[in-house]
Every structure is written in C-alpha cells, then in structure tokens.
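Chain by chain, the residues:
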Amino acid sequence: MARSRSFLFAFALLSFASVCFSHKIGSGSGGSNGGYLYPQFYDHSCPRAQEIVKSIVAKAFAKEARMAASLLRLHFHDCFVKGCDASLLLDSSGKIASEKRSNPNRNSARGFEVIDEIKSALEKECPETVSCADILAIAARDSTVITGGPGWEVPLGRRDSRGASLSGSNNDIPAPNNTFQTILTKFKRQGLDIVDLVALSGSHTIGNSRCTSFRQRLYNQSGNAKPDPSLDASYAAQLRMQCPRSGGGQNLFFLDFVSPTKFDNHYFKNLLAAKGLLNSDQVLLTKNQQSAELVKTYAENSQLFFEQFAKSMVKMGNISPLTGSRGEIRKNCRKVNRN
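Reading guide: rules and limits
- Residues numbered from 1 in each chain as written.
- Predicted model: local features only at pLDDT ≥ 70, side-chain atom pairs only at ≥ 80, totals over all residues.
- Heavy atoms only, no water.
- Disulfide = S-S within 2.5 Å.
- Buried < 20%, exposed > 50% of the residue type's maximum accessible area, 1.4 Å probe, protein only.
- Core = buried A, V, L, I, M, F, W, Y, C linked by side-chain atoms within 4.5 Å.
- Contact = heavy atoms within 4.5 Å.
- UniProt positions renumbered as here; feature names shortened; annotations may be inferred.
- Axes fitted to C-alpha atoms, helices over the stretch in contact; angles between N-to-C directions.
- Helix = DSSP H or I, 4+ residues; strand = E, 2+ residues; numbered from the N terminus.
- Parallel < 35°, antiparallel > 145°, perpendicular 65-115°, else oblique.
- Left-handed = near helix turned anticlockwise from the far one by under 90°.
- Nonpolar A, V, L, I, M, F, W, Y, C, P; charged D, E, K, R; others polar.
- Expected span 1.5 Å × (residues − 1).
- Arc of directions from axis to C-beta.
- Phe/Tyr/Trp six-rings, centres within 6.5 Å; stacked < 30°, edge-to-face > 60°.
- Lys NZ or Arg CZ within 6 Å of the ring centre and 35° of its normal.
- Salt bridge = Lys/Arg side-chain N within 4 Å of Asp/Glu carboxyl O.

Chemist: I'm lost on the state of the cysteines in this one. Help?
Modeler: Tallied over the entire structure, the rule returns four disulfides. Two residues share a disulfide in this structure: Cys 79 and Cys 84, whose sulfurs sit 2.0 Å from each other. As the torsion about the S-S bond is roughly 120°, the Cys 79-Cys 84 disulfide counts as right-handed. As far as the burial class goes, Cys 79 and Cys 84 line up, both buried. The partner cysteine of Cys 132 in its disulfide is Cys 333, sulfur to sulfur 2.1 Å.

As structure tokens, then:
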C-alpha cells in the first residue's frame with residue numbers, strides 16, 4: 001500500500017511539470033481539429049486580462065464566499081457539454097435552447113453576473129479579444145487559489161461557440177444520484193480517467209448542495225427515516241433536520257461541513273468517515289477499489305491532491321476547445337455576435 005502511494009506521489013510530481021507548458025488540444029467529446037492552448041496567449045493582445053479576472057473574482061468572493069465554488073462549477077459544467085466553449089453562458093434566443101435550463105443547471109448554476117462583469121471590463125480594456133470560454137477557465141483557477149487551493153498556469157486560446165446543447169447538458173454532466181460506473185463513463189467520454197474523476201470530485205471541498213440532490217439518501221421509499229447504509233447515521237440525522245421528506249428542496253448544505261469555504265482535503269477525510277453529502281461523493285470510496293485507494297491517498301496527503309487537481313483541471317480545460325477560426329469571440333457572453 002505504502003509503496004503504491006509513494007509511486008503515485010512520485011508520478012504526480014513528475015507529471016505536474018506539464019501544467020506549465022502549452023497543451024495540444026485533447027480528444028474529448030467532439031474530437032479536435034488540432035491547435036494549441038498556451039498560457040501566454042494574451043500576453044500581447046491583452047496583457048492585463050488575467051489581472052482583471054483575478055480582481056473581479058476577488059471582489060465577488062469578498063462579497064460572498066460561496067461564489068468561488070459557483071465559478072469553479074461553471075467551468076466544469078461548460079466543459080462537459082460540447083467542450084470548453086462557453087456554451088453554458090448562452091441565454092435562450094432564436095434557435096438556442098439555453099443549457100441553463102437543464103436539470104443539472106436549473107435553479108443551481110450561478111455566478112453568471114460575475115462573468116458578465118469580467119467580460120464587460122475586458123471589452124473596455126481590449127475589445128473582442130478575450131473569449132468567454134477563457135474567462136471561465138481563468139476564473140475557475142482564481143476561485144481555487146483564493147480559497148486556499150493550488151494554482152496553475154491556465155492554457156488559453158479558446159474561442160466561443162455559436163450554439164448550446166440542452167440535451168447534452170441533461171445527459172453528459174454527472175448527476176448526484178448516478179452510479180459510480182455511470183459517472184466514470186461520463187468522465188471517460190470526455191477523455192478523463194478515474195484519477196481525474198477522484199481529483200476533480202475534490203472540488204466539493206468548497207460549496208453547497210441542495211436538499212433535493214441528496215434527499216434520497218435520508219429516507220426509504222416509504223418516507224421513513226432510514227438512511228443510505230453508506231451514510232453515517234448521526235450525520236444523516238443532522239441533515240434530516242433541514243432536509244425533510246417533502247418540501248425544503250432548495251435548502252442549502254455544505255458539501256464539506258468541516259471547512260466549507262477552504263479548499264483542502266477534508267472532503268476526502270469526510271468520505272472515510274462516511275460523511276460524504278452526495279451519493280456521487282460516497283461511491284468513490286464504496287464502489288471501486290482504485291478510486292477508494294485514491295480517496296485514502298488524498299485524505300492522507302493534501303499536497304498530492306493539490307498537484308493532481310491542478311493537472312486534472314488543465315486536462316479538463318482541454319476538452320474539445322474551439323481554436324483558430326472556429327467559433328467566435330463573443331462581445332456579450334450571453335448571446336452570439338450578429339453576423
């Protein structure tokens with residue numbers, strides 16, 4: 001066991017170096033037509049771009065700590081549908097059915113006003129230069145750092161899509177009640193593996209979830225208080241106080257009750273204590289040996305978790321981006337440009 005974890009640690013240290021270099025576009029859903037994303041993409045065309053994003057994310061976080069998790073989640077929900085192309089940000093109009101209306105996003109995805117503010121500031125600084133897709137990627141990194149998590153150089157150069165996929169949003173984003181195998185299949189469909197799955201799930205060290213997302217773990221089919229056996233009984237009793245059998249579906253709960261606004265490895269420690277809030281969290285420990293070993297490793301070694309999280313975020317950010325002449329640079333992240 002110790003030997004295998006030492007190997008994992010050494011491997012992560014070696015592979016983490018790749019975060020700092022440019023990345024050939026990966027083979028996520030939709031494939032790739034070639035091209036590169038690289039951190040210096042805006043160095044000449046908009047040198048203050050990342051500084052502007054960072055300052056507005058910091059202002060939003062100071063106003064509401066929960067916003068960091070919301071911005072990180074936007075990047076995840078964008079990349080899993082059609083690739084990292086800011087399709088999630090489009091409002092419904094004309095032929096576009098907004099992904100904001102999907103089951104994973106409706107009454108849940110938030111932070112759009114912060115992205116609007118960033119885009120407005122960047123349009124003043126360097127018009128029609130910085131894509132909404134890149135804004136999401138930078139904001140996700142800055143949200144991780146501001147809560148105490150790892151930093152990484154964000155490969156840039158994505159362009160924005162001219163369409164959205166409501167069906168893709170409903171079908172491709174992992175759901176809290178999915179089985180482990182379904183979640184892993186959805187990750188593999190995007191070119192991500194089981195290590196990425198466990199590491200990226202660690203983002204649940206910050207943020208909140210609604211009662212409706214885990215209620216089925218607290219009651220049996222007849223509505224009696226009989227929790228999921230993989231959920232600690234005392235923790236379940238606490239949750240039931242604010243998550244009743246009916247009603248209260250929008251009530252919010254910390255995903256990591258120990259340190260809900262700090263990016264750390266308590267999420268994994270909670271899983272070991274049978275106190276993962278969502279079914280999709282706890283199955284990482286109970287349904288697959290390899291993922292369970294990774295949970296134990298990250299619970300013991302926060303440095304290894306941080307390094308793998310950064311690497312997996314870069315990998316996720318490479319899912320089928322639009323580059324070159326494909327797509328466009330939207331002037332307003334909520335709508336496509338007029339032709």
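Chemist: Hey, could you run me through the nonpolar core in this one?
Modeler: Generally speaking, a soluble globular protein has its nonpolar side chains buried in company with each other. Core analysis: the biggest nonpolar cluster contains 73 residues, and Leu 122, Phe 268, Tyr 298 and Met 316 have the highest contact counts within it. For Met 316, the residues in contact, after removing those within four places along its chain, are His 75, Phe 76, Cys 79, Phe 80, Cys 84, Leu 192 and Leu 200.

Chemist: How should the UniProt feature "site: Transition state stabilizer" (unreviewed entry) in the protein be read in this particular structure?
Modeler: When the UniProt feature table is mapped onto this chain, "site: Transition state stabilizer" (unreviewed entry) is found at Arg 73. Among the residues examined, Arg 73 registers a relative accessible area of 32% and is labelled partly exposed. Here Arg 73 is in contact with Pro 104, Ser 108 and Ala 109, once residues within four sequence places are set aside.

Chemist: What am I meant to see in the packing of helix H2 (residues 49–63) against helix H5 (residues 132–146) here?
Modeler: Two packed helices can be described by the angle between their axes and the distance between those axes. Contact geometry of H2 with H5 gives a least axis separation of 9 Å together with a crossing angle of 50°. Taken together, H2 and H5 sit at an angle that is classed as oblique. The handedness of the crossing between H2 and H5 is right-handed. Taking contact as the criterion, the partners of Gln 50, Val 53, Lys 54, Val 57, Ala 58 and Phe 61 in H2 are, on H5, Ile 138, Ala 139, Arg 141, Asp 142, Ser 143 and Ile 146. When grouped by side-chain class, the residues that make up the contact of H2 with H5 number seven nonpolar, two polar and three charged.

Chemist: Mind showing me how you'd approach H2 here?
Modeler: Think of an α-helix as turning once every 3.6 residues; residues three or four places apart then point the same way. Here H2 is 15 residues long and its end C-alpha atoms lie 22 Å apart, about the 21 Å a rise of 1.5 Å per residue gives. Among the residues making up H2, those that are buried are Ala 49, Ile 52, Val 53, Ile 56, Val 57 and Ala 60. Projected down its long axis, H2 shows its buried positions confined to an angular sector of 125°, all on one face. Among the exposed residues of H2, those oriented more than 90 degrees off its buried face are Lys 54 and Ala 62. Those residues of H2 hidden inside the fold are in contact with helix H3 (67–79), helix H4 (112–125) and H5.

Chemist: Hey, could you run me through the packing of aromatic side chains in this one?
Modeler: For any two aromatic rings, the description comes down to two numbers: the centre-to-centre distance and the angle of the planes. Inspection of the entire model under this criterion finds 17 aromatic pairs. With centroids separated by 4.9 Å and ring planes inclined at 85°, the aromatic side chains of Phe 41 and Tyr 42 adopt a geometry described as edge-to-face. With a centroid separation of 4.5 Å and an interplanar angle of 25°, the aromatic rings of Phe 76 and Phe 80 are classed as stacked. An aromatic cluster is built from Trp 152, Phe 263, Tyr 267, Phe 268, Tyr 298, Phe 305, Phe 306 and Phe 309, whose rings are joined through pairwise contacts. Lying across the ring of Phe 112, Lys 100 places its NZ or CZ 4.3 Å from the centre.

Chemist: I tried to follow the pattern of salt bridges on my own but got confused; where do I start?
Modeler: Where charged atoms from two side chains of opposite charge approach closely, those side chains can pair. Within this structure, the stated rule accounts for 18 salt bridges. Ionic pairing is found between Glu 117 and Lys 59, a salt bridge with its closest N-O pair at 2.4 Å. You can see Glu 117 sitting in helix H4 and its partner Lys 59 sitting in helix H2, a full 58 residues away along the chain. With relative accessibility at 33%, the residue Glu 117 sits in the partly exposed group. Residues Lys 119 and Glu 123 are paired through a salt bridge, measuring 2.9 Å at the closest nitrogen-oxygen approach. With a gap of four residues between them, Lys 119 and Glu 123 both fall in helix H4, about one helical turn apart. Residue class for Glu 123 comes out buried when judged on its relative accessible area of 17%.

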